Every structure is written in C-alpha cells, then in structure tokens.
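Secondary and tertiary structure notes
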Amino acid sequence: MREILTLGRYFKKVFGQRVRKIPVSLQGFTCPNIDGRVARGGCIYCCNESFSPSLIKINPLATRIKMHTDLKENPILDMQVKQLKEQFIWHSDFHKEKFEIQKYMIYLQSYSNTYAPFATLKTLFDEALALPNVVGMSIGTRIDCVSEDILDLLEGYVRAGKEIWLEYGIQSVFPKTLELINRGHGIDGAQDLFAKTRKRGIKVCAHLIYGLPQESEEMMLESLRAVVGWGVDGLKLHPLYVVRNTALAKMFKNGEYTPISLESYANLIVRSLQEIPQDVVMHRMSSGAHDEMLLAPKWCFDKNIQMRYIRERLREVGLEY
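Because the structure is predicted, anything quoted here is derived from the model rather than measured.

1. Comments concerning the overall build of the protein
Broken down by element type, the protein carries twelve helices and eleven strands. For 321 residues, the compact-globule estimate of 2.2 N^0.38 gives 20 Å, and the protein sits close to it at 19 Å. Seen along its three principal axes, the alpha-carbon backbone of the protein occupies a region of about 50 × 45 × 40 Å. Intrachain contacts of the protein at a sequence separation of at least 6 include 80% that bridge at least 24 residues. Working note: accessible area of the protein is about 14700 Å², and carbon and sulfur atoms make up 50% of it. The distance from the centre of the 42 positive side-chain charges to the centre of the 37 negative ones in the protein is 3 Å.

Here it is in structure tokens:
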C-alpha cells in the first residue's frame, strides 16, 4: 500500500511535528470578477459567506470599503489586522488544547488575497507571520492577481525561513469553461506564472474543480495533467457543489446543470492520484457545505461519508490517503 503525500504527512516530514493550517477570512477583500474590473457577479458557484462563517459578522464600514490594487488608502486596515489576530487566537487555542498542536500555517482563504494595495498586503502578511508559532503562510488567489512586487515580497519571507504557498485557483484549463463559470480570465500565462513563483522558492498549489458544467471526466483529467505538467508542489481537488444564492443554483433549478455523482467523483480521484507524481502534496481531495445553503449534490453535506467511500476506492488500487 503506497501512502499519498498528504499535507499532514508533508508537514511532519518538513517540520518534524504536526502543523495546523489556520483559515483566516478578512472583510474588505474581493475579486476582480466580482467588483467589475474584469467581470461582475463572481464565479457562478461562489458564495464566500457560506464557506467562511467569520465573514457573516459584517462590520458596516467593511461593506463600503473593498480592496483592489489601486485603492489609495485603506481605512479598515486596523480592523483587518484585528480580525486576523482574533481568528488566529481562537483557532490556535482550540487546536492546541484539543490536539496539542504547537505550530501553525496562516491560510488566507476567502476571495483573492493578493488583490489589494501593496502596503495593505505587506502589513497583513508581516502581522500574520509574526504571530506566535507561525511557520508560514498559504495564500488563496488567482493568476491575474499576482504581480512581480508581490512575488518579491513573498520571496523575502522564504529567505527569512518561512514556508510560503500560493494557492492558485485554476479550476479548469479550458477557456470555454472559464468563460461559462464567469472566471474573468483565460489560462494564458498560467504556466509562466507557476514557473516564476516556484523559481523564488514559493510553493505552488493548484486548485481544480471536478464537475464543472459541460465538462467530461476526460476534460477534468486533462486539466489535472496540464497543471502537473506546468510544475506544481501541491494540488487541491474539489467537487463542484451547488449552494443557494448563486448563478449555479439558478442553472440547477432550471435543469441546466446536473451535479457530479459520488461514484464519478471517486473514480476521478482514483485516476488522478494514480497519475500525479509521488512528491506532489495533496492538500485536499474533497469539500462540501454543511448547512442549509447546500442544494446539491447531497453527498457533499457529509464529508465523512465521501471520505470513507473515496478511501475505500483508493485502497482497491493500493493507495492510502
């Protein structure tokens, strides 16, 4: 039985102990396909508030101020720093008390976390990496939101001994799919950006979604093969699920979208993990929504059910997740 290099196993190998990723969601952040820079409305499946409970507690000032690269002043920066510290303290205290975790990675999760004025990013990144027992940072973003200045900044943290990951939301390498889901960018330049990022010692994690509208299983695997061929350090694979108040929910209700089945998704995961290099870190291979926001598929409601089934399927081919 061959063990897949999960993120937990990777952290133990690098740091000699368990490391917990602390998810942080800061008000004021957005994406260029939400605010009109490249599109409006965001991706058809996106409802960040349902994925990040901390965003539900809205500060009235944050609803008026939205981050973008040309913002001259950021009047909510102090509030963002406060949110960062509060979320870190809550999560780290919980995991220290319950699981005796001693080391942490900050995970800037919701929206595009490099889509903000450089000064804001530097302040938030500096504050995050200065928190106690933080060994590094993982940043969720898009390929159209990373500049040379940001790469320079992150390379400086790497040189200072921090573990830095950029998690690029690729989702699919097919231009028609990206247009359909209102991604607001194509795929041109992604391979070069991956190479530039890794050359600086920053690790690349590519996000892919299986089950996007009008994609076959072979198309999904083609996306996987493409990003692996570009050179990645890690992968995140997600099933597409439908939550309320999204454009995808309308498509689903109108019979224009059929969600992927658990059987099909598990088949894709088995084939994917058989193909990827053994040194690529699997950050995640499932996801879901655990409240009334989820419309479909219902198997995404219970992560334990999907993980048990996927693990059984993997063991059938000699893989242990």
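2. Here we look at the nonpolar core
For soluble globular proteins, nonpolar side chains are generally found buried alongside one another. With 99 residues, the main nonpolar core has Ile106, Met137, Leu154, Tyr168, Ile170, Val227 and Leu273 as its most contacted residues. At seven residues, the largest contribution of residues to this core is made by helix H11 (residues 262–275). The contact partners of Met137, leaving out residues within four places of it in the chain, are Met105, Ile106, Leu108, Phe125, Ala128, Leu129, Leu154, Tyr157, Glu163, Ile164 and Trp165. Counting residues in each nonpolar core, the second largest holds ten residues, with Leu5, Leu7, Met105 and Val281 among its members.

3. Observations regarding the packing of helix H4 (residues 77–99) against helix H5 (residues 118–129)
Running from N to C, H4 and H5 point in directions that differ by 25°, and their axes come no closer than 10 Å. For the element pair H4 / H5, the angle class is roughly parallel. By crossing handedness, the relation of H4 to H5 is classed as right-handed. Along the contact surface, H4 presents Leu77, Gln80, Val81, Leu84 and Lys85, while H5 presents Thr120, Thr123, Leu124, Glu127 and Ala128. Grouping the amino acids of the contact of H4 with H5 by side-chain chemistry returns five nonpolar, three polar and two charged.

4. Describing the packing of helix H9 (residues 217–230) against H11
The N-to-C vectors of H9 and H11 enclose an angle of 30°; their axes lie 11 Å apart at closest approach. In terms of orientation, H9 and H11 fall into the roughly parallel class. Remark: the crossing between H9 and H11 carries right-handed chirality. Note on element contacts: H11 touches H9 through Ser264, Asn267, Leu268, Arg271, Ser272 and Glu275, opposite Glu217, Glu218, Met220, Leu221, Leu224 and Arg225. Of the residues belonging to the contact of H9 with H11, the class tally is four nonpolar, three polar and five charged.

5. So, the environment of Phe99
Within the secondary structure, Phe99 is located in helix H4. Through-space distance from the C-alpha of Phe99 to that of Pro277 is 31 Å; in sequence the pair is 178 residues apart. Non-local contacts of Phe99, meaning those with residues more than four positions away in its chain, are made with Arg18, Arg20 and Phe94.

6. Quick word on the pattern of salt bridges
Tallied over the entire structure, the rule returns 18 salt bridges. The salt bridge partner of Arg9 is Glu3, with a shortest N-O separation of 3.5 Å. Residue classification places Arg9 among the partly exposed positions, given a relative accessible area of 26%. The exposure class of Glu3 is exposed, given its relative accessible area of 51%.

7. Digging into the packing of aromatic side chains
Scanning the model with the defined rule gives ten aromatic pairs in all. Centre to centre, the rings of Tyr10 and Trp165 are 5.9 Å apart; their planes meet at 85°, and the pair counts as edge-to-face. Residue Tyr10 is found in helix H1 (residues 7–15), and its partner Trp165 is found in strand E5 (residues 163–171); the two are separated by 155 residues along the sequence. Each member of the pair Tyr10 and Trp165 is classed as buried. Centroid distance Trp90 to Phe94: 5.9 Å. Interplanar angle 5°. Geometry classified as stacked. Separated by four residues within a single helix, Trp90 and Phe94 lie in helix H4, roughly one turn from each other.

8. Some points on a nonpolar patch on the surface
A contiguous nonpolar surface patch, about 320 Å² in accessible area, is contributed by Trp90, Phe94 and Phe99. For Phe94, a relative accessible area of 34% translates into the label partly exposed.

9. Regarding H9
Given 3.6 residues per turn, any residue in an α-helix points the same way as the ones three and four places further on. The terminal C-alpha atoms of H9, which comprises 14 residues, lie 20 Å apart, in line with the 20 Å expected from a rise of 1.5 Å per residue. Within H9 the residues assigned to the buried category are Met220, Leu221, Ser223, Leu224, Val227 and Trp230. The elements touched by buried residues of H9 are E5, helix H8 (190–199), strand E6 (203–210), strand E7 (234–239) and H11. Just beyond H9, the residue with positive phi is Gly231, at close to 105°.

10. Describing the sheet that holds E7
Note: strands within a sheet are paired through backbone hydrogen bonds, in either parallel or antiparallel orientation. Strand order in the open sheet formed by seven strands is E2-E3-E4-E5-E6-E7-E9, and the pairing between neighbours is parallel. If you trace the sheet from one side to the other, it starts and ends with strand E2 (19–24) and strand E9 (281–284), each paired once. Each strand axis lies, on average, 25° off the axis of its neighbour in the sheet, ignoring direction. In terms of strand pairing, E7 meets E9 through three bridges, oriented parallel.

What counts as what
Residues numbered from 1 in each chain as written. Predicted model: local features only at pLDDT ≥ 70, side-chain atom pairs only at ≥ 80, totals over all residues. Heavy atoms only, no water. Helix = DSSP H or I, 4+ residues; strand = E, 2+ residues; numbered from the N terminus. Rg over C-alpha atoms; globule rule 2.2 N^0.38 Å. Contact = heavy atoms within 4.5 Å. Areas by Shrake-Rupley, 256 points an atom, 1.4 Å probe, with all protein chains shown as cover. Lys, Arg positive; Asp, Glu negative; His and termini not counted. Charge placed at Lys NZ, Arg CZ, Asp CG, Glu CD. Core = buried A, V, L, I, M, F, W, Y, C linked by side-chain atoms within 4.5 Å. Buried < 20%, exposed > 50% of the residue type's maximum accessible area, 1.4 Å probe, protein only. Axes fitted to C-alpha atoms, helices over the stretch in contact; angles between N-to-C directions. Parallel < 35°, antiparallel > 145°, perpendicular 65-115°, else oblique. Left-handed = near helix turned anticlockwise from the far one by under 90°. Nonpolar A, V, L, I, M, F, W, Y, C, P; charged D, E, K, R; others polar. Salt bridge = Lys/Arg side-chain N within 4 Å of Asp/Glu carboxyl O. Phe/Tyr/Trp six-rings, centres within 6.5 Å; stacked < 30°, edge-to-face > 60°. Patch = residues over 30% accessible without salt bridge, like charges linked within 9 Å, V, L, I, M, F, W, Y side chains within 5 Å. Expected span 1.5 Å × (residues − 1). Pairing = 2+ DSSP bridges.

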